Amino acid sequence: MKDLIRQLIQHALDRLAAEGTLPQGLAPAIQVENTKDKSHGDFASNIAMMLAKPAGLKPRELAEKLVAALPQDAQISKVEIAGPGFLNFYQDTSALAARLEAALADAHLGVHKDGPAQRVVIDLSAPNLAKEMHVGHLRSTIIGDAVARVLEFLGDTVIRQNHVGDWGTQFGMLLAYMQEQPVDNDAELSDLESFYRAAKKRFDESPEFADRARELVVKLQAGDAECLRLWNRFNDISLSHCQKVYDRLGVNLTMADVKGESAYNDDLPNVIADLQAKGLLTESDGAQCVFLDEFKNAEGNPLPLIVQKAGGGYLYATTDLAATRYRANVLKADRALYFVDQRQALHFQMVFAAARLAGFVPESFEMEHMGFGTMNGADGRPFKTRDGGTVKLIDLLDEAEARAYALVKDKNPELDEAELRNIARAVGIGAVKYADLSKHRTSDYSFNFELMLSFEGNTAPYLLYAYTRVASVFRKLGKEFDEVEGHIVLQADQETALAARLAQFGEILGSVAEKGVPHVLCAYLYDIAGLFSSFYEHCPILAAETAEQQQSRLRLAALTGRTLKQGLELLGLQTLERM
Ligand code: ARG
C-alpha cells in the first residue's frame, strides 16, 4: 500500500512539474506513514509540506493541487487534507478485503518478490574452531538464518556460507598439545574450551613447546600429512560441537554449508599475484599492502589493507578477498550479505573496496556487511559467567529451557511430561532467538532471561501464545484455517485495522530482505497479535450475529493465524498449537 501511495504521489508530482507548478527535476524521498488515529485515514504523507518551499506555495495550497492531480485507484476510497497540509489516504475496505482473499487463496500468502529472483550468499555463524562457539556467533547465526529464510520465502536462491576460522597460528599450539596427549584424546577434546586453555598454558610456559607449535604451523601449511590428520580430527570435533548448537537452535545450517578459511588456501598466492599484476600492491615494512584512498587514519594518511605479512604469511583480509571472488564468480551470486560483528565494519569496507578495485567481482555484485552490536549481560557489561569466563552456548540454551519448563509447568501443571518438555523447548529456545531478533540489529543489547521469558510485551512467549489463541478458535470448531467458507467483509474498526496490517506482510518481508533487519518482522508480528486481541475482544466470532459475519471473522482469524505462523517460522521459531 505504501508503495502504491508513493507511486500515486509521484504521478501527481510529475503532472505538477509538467504544467509548471513545481520546478523540474525535484526528486524528493516521498514519505508515507501509517496513521496512528484512524480518523485521519490509514496512511499519511507530509509531501506537501516538504515541497511547499520550492513550489513557492503554502503547504495547504500545494496539497490541494496534489490531490487534484492524484490518479484514481481502486485501493483508495478518498484522500483528505489535514492540519498544516498532510495528505490523508483512506483505504478502500472492499478492495482491502479482496487482497486478503487473494492472500488466503495462496500458499505464499500473496507474497512475491518485487524484482527478479537473485542468488544470495549469506555469510553467517563463522565461529573460530580453535575455541568453543561464543555469544557473538550466536547473534550471527540467528540473524543470518532468519534473513536467509525470508529471502528463500521471497523466491531467492540462498547459498549459506559458514566461513569458519579453521586456519591460523593457534592451530600449531593445538596440534602440539594433541601430540602430547594419549592416542585417543577425544574425551579430552569434548571440552574445547579447557583443551584450548591447557594448550595455551603449555605454550606460555614452555619455550620448547612454543617452538614445536610454530614448527607445526609451518608443516601444516606445507601440507604435511600427519599435521593435516591431526588438524582434520580437531576440526571434525569442533564442527560437531557447532552442529549440536545449530540443531538445538533449529537453524538451517549443516556441514555442507561450511566453507572455512582453509578452503581458500590454494588461492591466496593467486590473490597476491593478481593484486601485484594490477599494480595495487605497495610494500610497507616488508608487508604487502593495498592502499585505498578513501580510507584514512587520524593523521589523514591512507590506511593499508595488509594482505601478506613480512614473513610471507597471509591474513584474514587475504582470505576474505579470495572469498569475494569465489562467491561472485564460482557461486555466481548476485549479492552477498555478511552477518558479522559491527566491530569488523572497517575490515569489510576495505575488503569490498579492494575487491572492486582489483576487479575481482563484477560491478553488479552487491556486498553488504550486516553488522550487529554486542550482546551484554543483564548488567549491561559484556556477557560473562559469574567467574568472568565465556558463557558456553549449550549451557545458555539448557538454562533457557529449564526456566521455560518451570514457567510452563507453573501455568499448566496438568500437562503431561512429554508435552511440557516440547513446550519448554519451543518457548525457551524461541525466547533466546526472539530476544536477539527483535532488537535493532546494530544496537548492543542486554541478555536478560526474565525479560525474554515474560508472557507480556514483544517476546517469544507472548507471540507463541497469541498464535495458540487463534489456533484454539479453530480447534473448538473442529476446522482447519483453510476450511472456512464465505467472504471477508470489513465493518468494525478493529476488523479494518487488523486487515490493513495483515495486508502489509509482503512489504514487511521486502524490507527484511533488503536491509537484513528481522526486528521489523518481529515488530510487525507483535502488532498483529495486539490487533488480533482487540478484534477478538470487540468482534465476537463464535457468537457472531449472522452466519456471514461469523465466516468473515473466521476468515480474518485464519489469515491472522497463518501470518503469525509463517512469520514466526521465518524467524526460525517453532510454533505450538497449544501451550
Ligand atoms: N571467524 C570470524 C570471527 O569470529 C568471523 C568470520 C566472518 N566472515 C567473514 N567472511 N570474514 O570473527
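Per-chain numbering applies: the sequence of each chain, read as written, is numbered from 1 onward. Reporting in this predicted model follows two pLDDT cut-offs: at least 70 for local features of residues, and 80 or more for side-chain atom pairs to be given and counted; totals over whole chains, interfaces and linings ignore these cut-offs and use all residues. In computing side-chain values, all of the structure's heavy atoms are included and hydrogens and water are not.

1. What to know about the overall build of the protein chain
- A helix here means a DSSP run of H or I that spans at least four residues, while a strand means a run of E at least two residues long, and both kinds are numbered starting from the N terminus. Summing up its helical and strand segments, the protein chain has 21 helices and 13 strands in all.
- Among the 579 residues that make up the protein chain, the fraction classed as buried is 52%.
- For the protein chain, the accessible area works out to roughly 26,100 Å², and carbon and sulfur atoms hold 50% of it.
- Charge convention: Lys and Arg are scored as positive, Asp and Glu as negative, and His as well as the terminal groups of each chain are ignored. Where a charge lies is defined by one atom per residue type, namely NZ (Lys), CZ (Arg), CG (Asp) and CD (Glu). The distance from the centre of the 61 positive side-chain charges to the centre of the 80 negative ones in the protein chain is 2 Å. Exposure classes here rest on a 1.4 Å probe applied to the protein chains alone. A residue is buried below 20% of its type maximum, exposed above 50%, and partly exposed in between. Only the protein chains shown count as covering a residue, and every accessible area follows the Shrake-Rupley method with a 1.4 Å probe.

2. Focus on the site of the ligand
- Around the ligand, a shell composed of Asp 123, Ala 126, Asn 128, His 137, His 163, Tyr 316, Asp 320, Tyr 338, Val 340, Gln 344 and Phe 348 is seen.
- Distance and chemistry together define a polar contact, namely a pair of N or O atoms within 3.5 Å, with one atom able to donate a hydrogen and the other to accept it when in protein, and with adjacent residues in sequence counting only for side-chain atoms on both sides. Ala 126 is positioned with one of its backbone polar atoms (N or O) 2.9 Å from a nitrogen atom of the ligand.
- Tyr 316 has a polar side-chain atom sitting 2.8 Å from a nitrogen atom of the ligand.
- Alone, the ligand offers 350 Å² of accessible surface; in the complex the protein occludes 90% of this.
- When grouped by side-chain class, the residues that make up the shell around the ligand number five nonpolar, four polar and two charged. Any residue with a non-hydrogen atom lying within 4 Å of a molecule or strand is treated as near it. Residues are grouped as follows: Ala, Val, Leu, Ile, Met, Phe, Trp, Tyr, Cys and Pro are nonpolar; Asp, Glu, Lys and Arg are charged; all remaining types, including Gly, are polar.

3. Focus on helix α18 (residues 493–502)
- In terms of burial, α18 is a largely internal element, eight of the 10 residues being buried.
- Listed as buried for α18 are Glu 495, Thr 496, Ala 497, Leu 498, Ala 499, Ala 500, Arg 501 and Leu 502.

4. Overview of the pattern of salt bridges
- Salt bridges are identified by distance alone: a Lys or Arg side-chain nitrogen within 4 Å of an Asp or Glu carboxyl oxygen. For the coordinates displayed, the defined rule picks out 30 salt bridges.
- Across the pair Glu 180 and Arg 212 runs a salt bridge, and its minimum N-O distance is 3.2 Å. Placement of Glu 180 in helix α6 (residues 170–180) and of Arg 212 in helix α9 (residues 207–221) is noted, with a sequence separation of 32 residues between them.
- A relative accessible area of 32% means that Glu 180 is categorised as partly exposed.
- For Arg 212, a relative accessible area of 22% corresponds to the partly exposed category.
- A salt bridge links Arg 553 to Glu 495; its shortest N-O distance comes to 3.0 Å.

5. Details of the confidence of the model for the protein chain
- Residue-level confidence of the predictor, termed pLDDT, takes values from 0 up to 100. The share of residues in the protein chain with pLDDT of 70 or more is 99%, and the mean pLDDT across the chain is 93.
- The ipTM, which scores confidence in the relative placement of chains, is 0.99 for this predicted complex, and the corresponding pTM is 0.91.

6. Focus on the packing of α9 against helix α10 (residues 225–249)
- At a closest axis distance of 8 Å, the pairing of α9 and α10 adopts a crossing angle of 100 degrees. In terms of axis orientation, α9 runs roughly perpendicular to α10. From α9, Leu 216, Lys 219 and Leu 220 reach across to α10, where they touch Cys 227, Leu 228 and Trp 231.
- For the contact of α9 with α10, the per-class residue count stands at five nonpolar, no polar and one charged. Throughout, an axis means a line fitted to C-alpha atoms (over the contacting stretch in the case of helices), and angles, computed between N-to-C directions, take values from 0 to 180 degrees. These descriptions rest on fixed angle ranges, namely under 35 degrees for roughly parallel, over 145 for roughly antiparallel, 65 to 115 for roughly perpendicular, and the rest for oblique. Any two residues whose heavy atoms approach within 4.5 Å are treated as being in contact.

7. Things to note about the environment of Asn 422
- Mapped onto the secondary structure, Asn 422 falls in helix α15 (residues 417–437).
- For the pair Asn 422 and Tyr 405, spaced 17 residues apart in sequence, the C-alpha separation works out to 9.1 Å.

8. Regarding the sheet that holds strand β10 (residues 335–338)
- Strand order in this open sheet of four strands is β6-β5-β10-β11, and the pairing throughout is parallel. One side of each edge strand has no neighbouring strand; the edge strands of this open sheet are β6 (157–161) and β11 (366–369). Each adjacent strand pair in this sheet contributes to an overall mean axis angle of 20 degrees, direction not counted.
- Here a strand pair is declared whenever DSSP counts at least two bridges between the two strands. With four bridges joining them, β10 and β11 adopt parallel strand pairing. Within β11, the position partnered with Arg 335 by the bridge is Glu 366.
- On the sheet, helix α12 (residues 316–330) packs against β5 (119–123), β6, β10 and β11 and is oriented at approximately 145 degrees with respect to β10.

9. Section: the UniProt feature "short sequence motif: 'HIGH' region" (unreviewed entry) in the protein chain
- UniProt positions are given in the numbering used here, feature names are shortened, and annotations may be inferred rather than shown by experiment. Here, the residues flagged by UniProt with the feature "short sequence motif: 'HIGH' region" (unreviewed entry) are residues 127–137.
- Counting secondary structure, residues 127–137 comes out at 27% helix and 0% strand; the distance between its end C-alpha atoms is 6 Å.

10. Considering the domain arrangement of the protein chain
- Here the bounds of each domain stem from an automatic or database domain assignment. Here the domain parsing of the protein chain yields domain 1 (1–91), domain 2 (119–160 + 260–375) and domain 3 (169–254).
- For domain 1 and domain 3, the distance between their C-alpha centroids amounts to 63 Å.

11. Some thoughts on the packing of aromatic side chains
- Each Phe, Tyr or Trp ring (for Trp, its six-membered ring) is paired with any other whose centre lies within 6.5 Å, and the angle between the two planes then decides the class: stacked below 30 degrees, edge-to-face above 60, tilted in between. For the coordinates displayed, the defined rule picks out 16 aromatic pairs.
- Taking the centre distance of 6.0 Å and the plane angle of 85 degrees together, the rings of Phe 171 and Phe 234 count as edge-to-face. With a gap of 63 residues between them, Phe 171 in helix α6 and Phe 234 in helix α10 connect regions that are remote in the sequence. Like Phe 234, Phe 171 is buried.
- Taking the centre distance of 5.1 Å and the plane angle of 55 degrees together, the rings of Tyr 338 and Phe 352 count as tilted. You can see Tyr 338 sitting in strand β10 and its partner Phe 352 sitting in helix α13 (residues 345–357), a full 14 residues away along the chain.

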